[in-house]
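# Per-entry structural report
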Amino acid sequence: MNIANFPWLTTIILLPIAASLLVPIIPDKDGKTVRWFALIVGLIDFALIVTAFYTQYDFSNPDLQLVESYAWVPQLDLNWSVGADGLSMPLIILTGFITTLAVLAAWPVTFKPKLFYFLILAMYGGQIAVFAVQDMLLFFLVWELELIPVYLLLAIWGGKKRQYAATKFILYTAGGSLFILLASLTMAFYGNNVTFDMATLGAKDFPLKMELGLYAAFLIAYAVKLPIIPLHTWLPDAHGEATAPVHMLLAGILLKMGGYALIRMNAQMLPNAHAYFAPALIILGVVNIIYAALTSFAQRNLKRKIAYSSISHMGFVLIGIACFTDLGLSGAVLQMVSHGLIGASLFFLVGATYDRTHTLMLDEMGGVGQKMGKIFAMFTTCSMASLALPGMSGFVAELMVFVGFATSDAYNNTFKIFVVFLMAVGVILTPIYLLSMLREIFYGDENKELISTQKLIDAEPREIFIVACLLIPIIGIGLYPKILTQIYDSTTLQLTERLRDSVPSLAQQKVPAVSMSAPEIGN
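Quick caveat, the model's predicted, so the values are computed rather than measured.

Looking at the element boundaries, Trp72 is found in strand E1 (residues 65-73). Trp72 sits 302 residues away from Lys374 along the chain, and the two C-alpha atoms are 53 Å apart. Among all residues touching Trp72, those that are not within four sequence positions of it are Leu78, Asn79, Trp80, Leu138 and Leu141.

Structure follows, in structure tokens:
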């Protein structure tokens, strides 16, 4: 078979799902065999992703690549249709990378290991499908597919309030998903031809009022997943009860599904409505940054503190999407990938710290860095990445969003000054609560009660390897962002031109290029 004709994305999606079906029949009592099986499947699937990327993906092509389409229900033009472009390819790679590391992070799981790894593998395929499918109804189905594994992973392996957190998660996300279904059916049945194909739907000429309603419906659904305040409260509860590998999947991948869908559906398919909603996205992004940062200050639970930090960082994604500049949109995509890596590393280290101290309350820690020097060093490095230290991916992503918005000609100077000031306040707040967190955990006098009751051993090789794997791309992207941005530059530039064409005052002006020396913008 010609390698160019190989069904890359279909294989990548279905392999872990098919492998998960074999887990129940694997002879294994203590989980040692099934964890190796899951890891090998994860590595093979990630290897397929990397191979498809290096052999089949063209950086200069802004359109869909690796396209496959198979008839499913021809009467409704419903197809198994998948493809990847600059918006989806970075997130497909991120999904394979994070999920494989999450399997390794789950090495100590001994309670119902077969079910645990079955859910992880099923979720693996479903998450990649979200970023690859090009059919709206199929998108809704794979979007729903990941709900059940996450619910069970929270409800069975979570903390004391796991049932509450799992129920709240599924109520919020399933409720939001209904808006995806309603909007998708409305778009599909509008006009003379019934179709669920995303490209065809994006070319339909919807009335403005209808487009605004569709945009609002999608926004509600994706606001839950991103999450956007006030639809965010499920996330701190879920993170507060989840185990380390589930943390990595939640922070590293699930939140990115909301950001990706917001760009793919709202911005790309409904550009006229996006022009009306963009200022609201800017305001919501600022609220996310400031409110979540301030709320993080008040959290004494370590997991909840990092969870609110994640919500704050995702505010930059909203602002980048609404900039109407290529630099801002590029920064939003970079922020999603960057936060996926940083969030996964921080939550993994939170889990590692909890395994040793058996507490999440900052008041009960203190001075543990004296006996856990390696964990202390890794936690500090990942926290520096989260607070956007220069030389790390978070700094480049946030700087691109800053400059992309500040140089946008879609907004007047007064509004830009106000928003940039609030964004700067959020950036200042982040190191304050993160450095304060490090001080309370690792510095100062040792908690004698904690030392006497818990065995504080340092990081083991497996944990060091996982964090090192995450830090390498974090630092690599921070030092040379083109490693990542070249994957999606052509796609974001094309999308920005489409968005600017929807605004009459911007339509005739050239798109500001992805450069740190953007032209001066007037009112």
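Within the structure shown, the criterion is met by 26 aromatic pairs. A centroid spacing of 6.2 Å and a plane angle of 70 degrees characterise the contact between Phe405 and Phe415, whose relative ring orientation is edge-to-face. In this pair, Phe405 is assigned in helix H16 (residues 393-406) and Phe415 in helix H17 (residues 413-442), connecting sequence segments 10 residues apart. Here Phe405 falls in the buried class, since its relative accessible area comes to 0%.

With that settled, the discussion passes to the pattern of salt bridges. In the structure shown here, the tally under the stated rule is nine salt bridges. A salt bridge links Arg264 to Asp85; the nearest nitrogen and oxygen atoms lie 2.7 Å apart. Linking Arg264 in helix H11 (residues 244-269) with Asp85 in the loop between strand E2 (78-84) and helix H3 (89-105), this pair joins segments that are 179 residues apart in sequence. As far as burial versus exposure is concerned, Arg264 and Asp85 are alike and both buried. In this structure, the salt-bridge partner of Arg356 is Glu463, at a minimum N-O distance of 2.7 Å. In this pair, Arg356 is assigned in helix H14 (residues 326-357) and Glu463 in helix H19 (residues 461-479), connecting sequence segments 107 residues apart. The class of Glu463 is buried, set by a relative accessible area of 5%.

Attention now moves to the layout of surface pockets. Its boundaries defined by the atoms lining it, the largest pocket holds a volume of some 970 Å³. Taken together, 40 residues line the largest pocket, and the ones lying closest to its centre are Ala242, Thr243, Lys303, Tyr354 and Asp355. At the level of elements, helix H7 (162-189), helix H10 (234-241), H11, helix H13 (302-321), H14 and H19 are the ones that each hand at least two residues to the lining of the largest pocket. When its residues are assigned to classes, the lining of the largest pocket shows 19 nonpolar, nine polar and 12 charged. Taken together, 19 residues make up the lining of the second largest pocket; nearest its centre are Ile93, Pro473, Ile483, Leu484 and Ile487.

Along the chain, Asn288 falls in helix H12 (residues 271-298). Taking relative accessible area as the criterion, Asn288 reaches 0% and is therefore assigned buried. One polar contact links the side chain of Asn288 to the main-chain amide nitrogen of Ile229, over a distance of 3.0 Å. The contact partners of Asn288, leaving out residues within four places of it in the chain, are Pro227, Ile228, Ile229, Ala293, Ile311, Ser312 and Gly315.

Bringing the pairing of E2 into the picture now. Of all seven residues making up E2, seven are buried, and the element is well covered by its neighbours. Side-chain alternation along E2 places Leu78, Trp80, Val82 and Ala84 on one buried face and Asn79, Ser81 and Gly83 on a second face that is also buried. Counting the residues that bridge the hairpin from E1 to E2 gives four residues, and of these Asp77 lies at a positive phi of roughly 55 degrees.

A general feature of soluble globular proteins is that nonpolar side chains tend to end up buried together. Counting 194 residues, the largest nonpolar core has Phe139, Tyr222 and Met248 as its most contacted members. Among the elements that make up this core, the one with the highest residue count is H11 (17 residues). Filtering out sequence-adjacent residues up to four positions away, Tyr222 remains in contact with Phe139, Trp143, Ile180, Gly258, Ala261, Leu262, Met265 and Asn266.

About the thresholds
- Position numbers for residues count from 1 along each chain, tracking the sequence in the order it is written.
- Where local features are concerned, this predicted model is filtered to residues with pLDDT of at least 70; where side-chain atom pairs are given and counted, the filter is 80 or more; whole-chain, interface and lining totals use all residues.
- To obtain the side-chain values, all non-hydrogen atoms of the structure were used and water was disregarded.
- Only DSSP runs of H or I with at least four residues qualify as helices, and only runs of E with at least two residues qualify as strands; both kinds are numbered from the N terminus onward.
- Working rule for contacts: check all heavy atoms of both residues, and any pair within 4.5 Å makes them a contact.
- Centres within 6.5 Å make a pair out of two Phe, Tyr or Trp rings, where for Trp the six-membered ring is used; the pair is then stacked when the planes are under 30 degrees apart, edge-to-face when over 60, and tilted otherwise.
- Residue burial is assigned from relative accessible area. The probe radius is 1.4 Å, only protein chains are included, and a residue is buried under 20% of its type maximum, exposed over 50%, and partly exposed in between.
- Counted as salt bridges are all cases of a side-chain nitrogen of Lys or Arg within 4 Å of a carboxyl oxygen of Asp or Glu.
- Think of a 1 Å grid over the protein atoms and nothing else: a 1.4 Å probe that fits but is trapped marks a cavity, an open set flanked by protein within 12 Å on at least five of seven lines marks a pocket, and residues with an atom within 4 Å of a point count as lining.
- Grid points are joined across faces, edges and corners, and a volume is the space filled by probe spheres set on the points.
- When residue character is reported, Ala, Val, Leu, Ile, Met, Phe, Trp, Tyr, Cys and Pro are called nonpolar, Asp, Glu, Lys and Arg charged, and the others, Gly included, polar.
- Polar contacts here mean pairs of N or O atoms no more than 3.5 Å apart (in protein, one a potential hydrogen donor and the other a potential acceptor; neighbouring residues in sequence count only if both atoms are side-chain atoms).
- In short, DSSP must find at least two bridges between two strands for them to pair.
- In plain words, nonpolar cores are sets of buried Ala, Val, Leu, Ile, Met, Phe, Trp, Tyr and Cys residues tied together by side-chain atoms within 4.5 Å.

Geometric values such as these leave the question of function open.
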